[in-house]
Amino acid sequence: MASYTSPVTRDRITKQLKAMSFKAAVLDDVTVLLPIGPHLFRIQLANNAAFLMISAPWHRLASISCRDELEAFCAKTNVGMFAPKAYTRAEDDGTVLVIAESNHIITHGLTDTQLNKLLSDCLQEFHIFFNHLTQDFPDIRLHPESAS
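Computed from a predicted model, the values in this text were never measured in an experiment. (Residues numbered from 1 in each chain as written. Predicted model: local features only at pLDDT ≥ 70, side-chain atom pairs only at ≥ 80, totals over all residues. Heavy atoms only, no water.)

K.L.:
Lay out the side chain of S63 in plain terms, naming residues and giving numbers.
P.N.:
Mapped onto the elements, S63 comes out in strand β5 (residues 62-63). Looking at S63, its side chain comes within polar contact range of the side chain of S65, at 2.9 Å. (Helix = DSSP H or I, 4+ residues; strand = E, 2+ residues; numbered from the N terminus. Polar contact = N/O pair within 3.5 Å; in protein donor to acceptor, adjacent residues only side chain to side chain.)

K.L.:
Describe the packing of aromatic side chains, naming the residues involved and giving the relevant values.
P.N.:
Overall, the coordinates contain five aromatic pairs when judged by the stated rule. Taking 6.2 Å as the distance between ring centres and 45° as the angle between the ring planes, the aromatic pair formed by F126 and F130 counts as tilted. Here F126 pairs with F130, and both are found in helix α3 (residues 112-136), just four residues apart, close to one helical turn. The same class applies to F126 as to F130, namely buried. Taken together, the ring pairs in this structure connect F41, F73, F126, F129, F130 and F137 into an aromatic cluster. (Phe/Tyr/Trp six-rings, centres within 6.5 Å; stacked < 30°, edge-to-face > 60°. Buried < 20%, exposed > 50% of the residue type's maximum accessible area, 1.4 Å probe, protein only.)

K.L.:
Can you lay out the pairing of strand β2 (residues 31-36) for me, pointing to particular residues and giving the numbers?
P.N.:
Remark: a regular strand shows side chains that alternate across the two faces of the sheet. Both strand β1 (residues 25-28) and β2 contribute to a ladder of three bridges, which runs antiparallel. Bridging across to β2, D28 finds its partner in T31. Linking two consecutive strands that pair antiparallel, namely β1 and β2, is a turn of two residues. Where β2 meets strand β3 (residues 39-46), six bridges bridge the pair, whose relative direction is antiparallel. Bridged to L34 within β3 is F41. (Pairing = 2+ DSSP bridges.)

K.L.:
Could you give an account of the layout of surface pockets, with specific residues and numbers?
P.N.:
Put simply, the largest pocket is a space of about 180 Å³. Taken together, F22, I36, P38, H39, F41, S120, L123, Q124, F126, H127, F130 and N131 make up the full set of residues lining the largest pocket. Of all elements in the fold, only β3 and α3 reach the threshold of two or more residues within the lining of the largest pocket. Sort the elements by how many residues they give to the lining of the largest pocket and α3 lands first, with seven residues. (1 Å grid on protein atoms, 1.4 Å probe; cavity = no way out; pocket = protein on both sides within 12 Å on 5 of 7 lines; lining within 4 Å. Points joined across faces, edges and corners; volume = space filled by probe spheres on them.)

K.L.:
Would you mind going over the packing of helix α2 (residues 67-80) against α3 in detail, with residue names and values included?
P.N.:
Relative orientation of the contacting elements α2 and α3 amounts to 145°, with a least axis distance of 12 Å. The crossing of α2 and α3 is right-handed. Of the residues in α3, those touching α2 at L70, F73 and T77 are F129, H132, L133 and D136. Here the residues of the contact of α2 with α3 sort into four nonpolar, two polar and one charged. (Axes fitted to C-alpha atoms, helices over the stretch in contact; angles between N-to-C directions. Left-handed = near helix turned anticlockwise from the far one by under 90°. Contact = heavy atoms within 4.5 Å. Nonpolar A, V, L, I, M, F, W, Y, C, P; charged D, E, K, R; others polar.)

K.L.:
Let's hear about the pattern of salt bridges: which residues, and what values?
P.N.:
Considering all chains together, one arrives at six salt bridges under this definition. The salt bridge partner of R10 is D29, with a shortest N-O separation of 3.9 Å. One end of the pair, R10, is in helix α1 (residues 10-19); the other, D29, is in the loop between β1 and β2, and 19 residues separate them in sequence. Owing to a relative accessible area of 65%, D29 belongs among the exposed residues under this scheme. Notably, a salt bridge pairs R67 with E71, separated by 3.0 Å at the nearest N-O pair. With R67 and E71 both in helix α2, this residue pair falls four residues apart, about one helical turn. Linked through salt bridges whose partners overlap, the residues forming this network are R10, D11 and D29. (Salt bridge = Lys/Arg side-chain N within 4 Å of Asp/Glu carboxyl O.)

Next comes the structure, spelled out in structure tokens:
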């Protein structure tokens, strides 16, 4: 592993993920898709590789009637956790997605060790967030119409 900083590239990201035993798919020059369990992570470089953005939607869809509860959960989590930050998005079909994202300034590059730690830490934080969300909102609460 390099002990000096170098620009973060899509190829370096996929190499690190492979070293972590993940199977990632390359979407384009700046985007890597990473399926982990029920989640599909999007790892993307932006602004000439000055920013690294990681995002993933929660694997469950909620009814619009649950949006306020989910927004309150996201707001509480955003105050209590450094990363990821979470928000809801209402879709045209009346469902609500919860999306978590983490953005990092990497203008000056990263060593391989730093990139590995950044990816590992982010994926762990996402895992913790999604586990809390799943515990607090089991399927039956998200789809009250299915209880009848």
